[in-house]
Every structure is written in structure tokens, then in C-alpha cells.
Amino acid sequence: MQGVETAWKWTLLILFGVLYQADVTILSAAPPIVGSLVDSENLNGVEDIFLSGDLAYLPCREGHCLTVCSIKDPARPRVVGTFRDPDLDDVTGFALDGSTAYLASQRSHFLLIVDVSIPEKMKLLGKVRISQQGSKGPLYKMAYRDGYCYMSHQGEKNLYIVDVRDKTRPQVVSKIPVTTDRDGAYCVTMHGDYALVGTVFGKQNRLAVVNVADPTQPRLVGELTDPYLSEAIGTVVGDRFYIACWPHDAMMVINLAEMSDSKLPRIEGTLVDARLSKPNRCAVVGERAYFPIIEGDGVGVVDISDPANPRFVTSFSHPLMKRPYGLAARGDFVFVGARTGDSLVILNRRDLEK
């Protein structure tokens, strides 16, 4: 009897050892998360992420600030500087030109120009109000090109163009309505002589095409509409515009190759998939497009090797990425800014697909 009992003990020990080894094997698999930073003060309500060299620029909506983080060591991102100003409230728009940052303040309607050459000591260079007297509704996304800022005013439904060649004295030089419907201007992307302005919050949204060859005389030349098109926020690679369509769990590939005053861009491919879970940014590396998925608290990956037929690949969720808004991708890494998580999370993009 004692021999049988001893045999059972050894069997259980061996079985436990096998399970333990299996557990160790599973746990030692490379996780996608390379590094992370949580900071409820300096990363409060991250809105976006923009990369330049070893630095990540994170405009923070609820934090009313621009925070700069070092990403030189992706495993240990750290805050190196923060900029605040009395006229800077919810930071929703950002553009970077060398050592100059441009910030759009949502409710105060200010454009602020900031010297970021020394991230630890960022300083205000100039500011100007972007709105009509008594204007309501938010100032949203923006773009910079060749001495001008292109800014979307959702409430006024206008695209504003601001001359910032003198950084201490920026001046509004023109504005143009991009819709007369119930939607409002949201995102601005530049391509050639055109500003592409996506709209949001309407029954029908659009991508307005504005000729800005002369920034003082912008001309609306047409608009692209589709049941799934909304926001039109994303990135241009070559002659293709890869966009997130937030309310529709969708993404689109828009072909810009033949865009002109007489020919609108065309929708080349569309993917509608519940697993995209409210995507609201898009970054591209090679044959992959990456999306922050708001309701999924993570990142979605789409194969764009065939632009006409984008294909969902995978997604990854984690509590650190609570309600992700900002996203950028470069080289081996995807950088995610979580608005509710007050965090910067760095992922190995190849490990996302393992």
C-alpha cells in the first residue's frame, strides 16, 4: 500500500512539473509591450502622438498641455518637458516643423506657436485667435506646410489658413466653409496643392477637397462622400490616403494619384469590421496599417498589401491602453497614447502578430 501511495506522489509531482514547465513556456513568450509610462499629470488625456528623432510629442486634452517624452530607450520612455499656457485648454490640434510646434486649443480657439528646441524649457513665441466674434464649437485638427497652418473649426464648419512665417505675429489670411450640412470640419491632411478636410458628427460626412495653391485664396473644388466615410483622419503614403472611420468600425484607402480641380480622389478599398472597434487614428509601416481601437482598449492591425482589399489581421488589448487615441508607428515599434489610461505604451509591431 505504501508503494502505491509513493507511486501516486511521484506521478503527481511529475505531472505538476510538466504543467509548471508548460506555464513557464507560455509566460516567457515575447509580449508585444516593450515599455510603458503612466503619468496622470503630464499625460492626462493624451490626444495624439507625433514622433521626431528620439522624442515623442504628446498633446494632452484634459491635461491642457504639450508633453515631450524621450523614446531613445523604448523600454523606458520618460517625460523630459511639459508646456502649459493660460490660453491653452483642451489641446486637440498639433503640428511640428523642426523645432517649432503649433498647438490648437479647442475651446479658447487659439493657435499657439511654441519653441520646442529645448524640451525642458519650451517657450511661447506667439499666438492668435482662430474664430469669428462669438463663435462656438471646437477648434480641432490642423496641418502645417511652407509657413502656413491649416486649421479645422468644427463649429464654424470652416478651414482656416494662418500665415505663421513670422512666428511672433501669426495672422489669419483666409477661411473657407467645407460643408453647409450638419457635419463639421474635423481633420486636415495636405497633399500637393490640396487640403483634404474630413468632417464628423453629421448624418452624412465628407472629405472636402480644397485647392490651397494660393493660401490667401482657397477654393473648394469638390467633396467625396460615402456611407462609411467619417473623420478621414490618417496618413498619406505616396498617392494613397489610409484613414480611420471612427463611428463605423471602418477604414478606407483613398487613391489620390489623379486628384485635380476636375477629378476627385477615389475610394480604392474599404474594410468594415467590428473588431476595429471605433478606430480614430491610422499609421502605416510597410504593408500594415495600425489603428487605436477605442472600445477595444488596444491596437488593431490591417493588411494593406492589396489596397483594394484591406484585410483585418489581429488586435491586441491591455488595461494600460484604456481608451487609446494617439498612435504612431515607426520601424519595429507602435506608439500608443491612451486618453483615459494617461499613458504612453510602446509595442513591438512584429510581436503583435505572433
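From a predicted model like this one, the values you see are computed outputs, not experimental measurements. (Residues numbered from 1 in each chain as written. Predicted model: local features only at pLDDT ≥ 70, side-chain atom pairs only at ≥ 80, totals over all residues. Heavy atoms only, no water.)

Overview of the overall build of the chain
Here is step 1 of the chain: Check the secondary structure of the chain and you find 1 helix and 28 strands.
Here is step 2 of the chain: Taken along the three principal axes of its C-alpha coordinates, the chain extends 95 × 45 × 30 Å.
Here is step 3 of the chain: When the 354 residues of the chain are sorted by exposure, 55% land in the buried category.
Here is step 4 of the chain: In the chain, 46% of the contacts between residues at least 6 apart in sequence involve partners at least 24 apart.
Here is step 5 of the chain: Per element, the accessible surface of the chain, about 15700 Å² overall, is 50% carbon and sulfur.
Here is step 6 of the chain: Looking at the chain, you have 38 positive and 42 negative side-chain charges, and the mean spots of the two groups are 2 Å apart. (Helix = DSSP H or I, 4+ residues; strand = E, 2+ residues; numbered from the N terminus. Buried < 20%, exposed > 50% of the residue type's maximum accessible area, 1.4 Å probe, protein only. Contact = heavy atoms within 4.5 Å. Areas by Shrake-Rupley, 256 points an atom, 1.4 Å probe, with all protein chains shown as cover. Lys, Arg positive; Asp, Glu negative; His and termini not counted. Charge placed at Lys NZ, Arg CZ, Asp CG, Glu CD.)

Things to note about the layout of surface pockets
Here is step 1 of the chain: Quantified by volume, the largest pocket comes out at close to 760 Å³.
Here is step 2 of the chain: Residue lining of the largest pocket: 26 residues in total, with Ile49, Phe50, Phe94, Gly234 and Thr235 positioned closest to the centre.
Here is step 3 of the chain: The residue makeup of the lining of the largest pocket, split by class, is 20 nonpolar, 3 polar and 3 charged.
Here is step 4 of the chain: For the second largest pocket, the calculated volume is near 190 Å³.
Here is step 5 of the chain: Along its surface, the second largest pocket is lined by 14 residues, and Arg61, Phe201, Glu231, Trp246 and Tyr325 are the ones closest to its centre. (1 Å grid on protein atoms, 1.4 Å probe; cavity = no way out; pocket = protein on both sides within 12 Å on 5 of 7 lines; lining within 4 Å. Points joined across faces, edges and corners; volume = space filled by probe spheres on them. Nonpolar A, V, L, I, M, F, W, Y, C, P; charged D, E, K, R; others polar.)

Details of the nonpolar core
Here is step 1 of the chain: Residues Met251, Leu276, Ala289, Phe291, Val302 and Ile304 are the most contacted members of the largest nonpolar core, which totals 18 residues.
Here is step 2 of the chain: Elements that contribute at least two residues to this core include exactly β14 (184-191), β19 (240-245), β20 (250-255) and β23 (288-293).
Here is step 3 of the chain: Residue contacts for Val302: discarding those within four places in its chain leaves Met251, Leu271, Leu276, Glu287, Arg288, Ala289, Phe291, Pro310, Arg311, Phe312 and Val313. (Core = buried A, V, L, I, M, F, W, Y, C linked by side-chain atoms within 4.5 Å.)

Examining the pattern of salt bridges
Here is step 1 of the chain: Across all of its chains, the model carries 25 salt bridges by this definition.
Here is step 2 of the chain: Note that Asp303 and Arg311 form a salt bridge whose closest N and O atoms lie 3.0 Å from each other.
Here is step 3 of the chain: Given a relative accessible area of 10%, Asp303 falls into the buried group.
Here is step 4 of the chain: Within this structure, Glu47, Asp48, Arg61, Lys141 and Arg281 form a network of salt bridges that share partners. (Salt bridge = Lys/Arg side-chain N within 4 Å of Asp/Glu carboxyl O.)

Quick look at the sheet that holds β19
Here is step 1 of the chain: As summarised here, the arrangement of the 4 strands in space is β18-β19-β20-β21, forming an open sheet in which the pairing is antiparallel. Among the strands making up the open sheet, the edge pair consists of β18 (233-237) and β21 (266-272). Between one strand and the next, the sheet's axes are offset by a mean angle of 20°, whatever the strand orientation.
Here is step 2 of the chain: By the bridge criterion, 6 bridges tie β19 to β20 in an arrangement that is antiparallel. Paired with Ile243 across the strands is Met252, a residue of β20. (Pairing = 2+ DSSP bridges. Axes fitted to C-alpha atoms, helices over the stretch in contact; angles between N-to-C directions.)

Let's talk about the packing of aromatic side chains
Here is step 1 of the chain: One pass over the full model with this rule turns up 6 aromatic pairs.
Here is step 2 of the chain: Arranged with centres 5.1 Å apart and planes meeting at 10°, the rings of Tyr102 and Tyr144 form a pair that is stacked. Placement of Tyr102 in strand β7 (residues 100-105) and of Tyr144 in strand β10 (residues 139-145) is noted, with a sequence separation of 42 residues between them.
Here is step 3 of the chain: The exposure class assigned to Tyr102 is buried, which follows from its relative accessible area of 1%.
Here is step 4 of the chain: In this structure Tyr144 comes out as partly exposed when scored by relative accessible area, which is 22%.
Here is step 5 of the chain: The rings of Phe50, Tyr57 and Phe94 are connected pair by pair, giving a single aromatic cluster.
Here is step 6 of the chain: Its guanidinium or amino end placed over the ring of Phe110, Lys127 lies 5.8 Å from that ring's centre, counting from NZ or CZ.
Here is step 7 of the chain: Between Arg339 and the ring centre of Tyr325, over which it is positioned, the NZ or CZ distance is 4.9 Å. (Phe/Tyr/Trp six-rings, centres within 6.5 Å; stacked < 30°, edge-to-face > 60°. Lys NZ or Arg CZ within 6 Å of the ring centre and 35° of its normal.)

A look at the environment of Arg323
Here is step 1 of the chain: With respect to the helices and strands, the residue Arg323 is situated in the loop between β25 (311-317) and β26 (324-330).
Here is step 2 of the chain: Looking at Arg323, the relative accessible area reads 32%, which means it is partly exposed.
Here is step 3 of the chain: Each C-alpha atom of the pair Arg323 and Ser260 lies 38 Å from the other, and the pair is 63 residues apart in sequence.
Here is step 4 of the chain: Those residues within four positions of Arg323 in sequence are excluded, and the remaining contacts are Ile294, Asp297, Ala338, Arg339 and Thr340.

Let's talk about the pairing of β10
Here is step 1 of the chain: Across the 7 residues that make up β10, a large majority, 5, are buried.
Here is step 2 of the chain: When β10 meets strand β11 (residues 148-153), the two strands line up antiparallel, connected through 5 bridges. In the sheet register, Leu139 faces β11, and the bridge partner there is His153.
Here is step 3 of the chain: Counting the residues that bridge the hairpin from β10 to β11 gives 2 residues, and of these Asp146 lies at a positive phi of roughly 50°.

Structural measurements only, silent on function.
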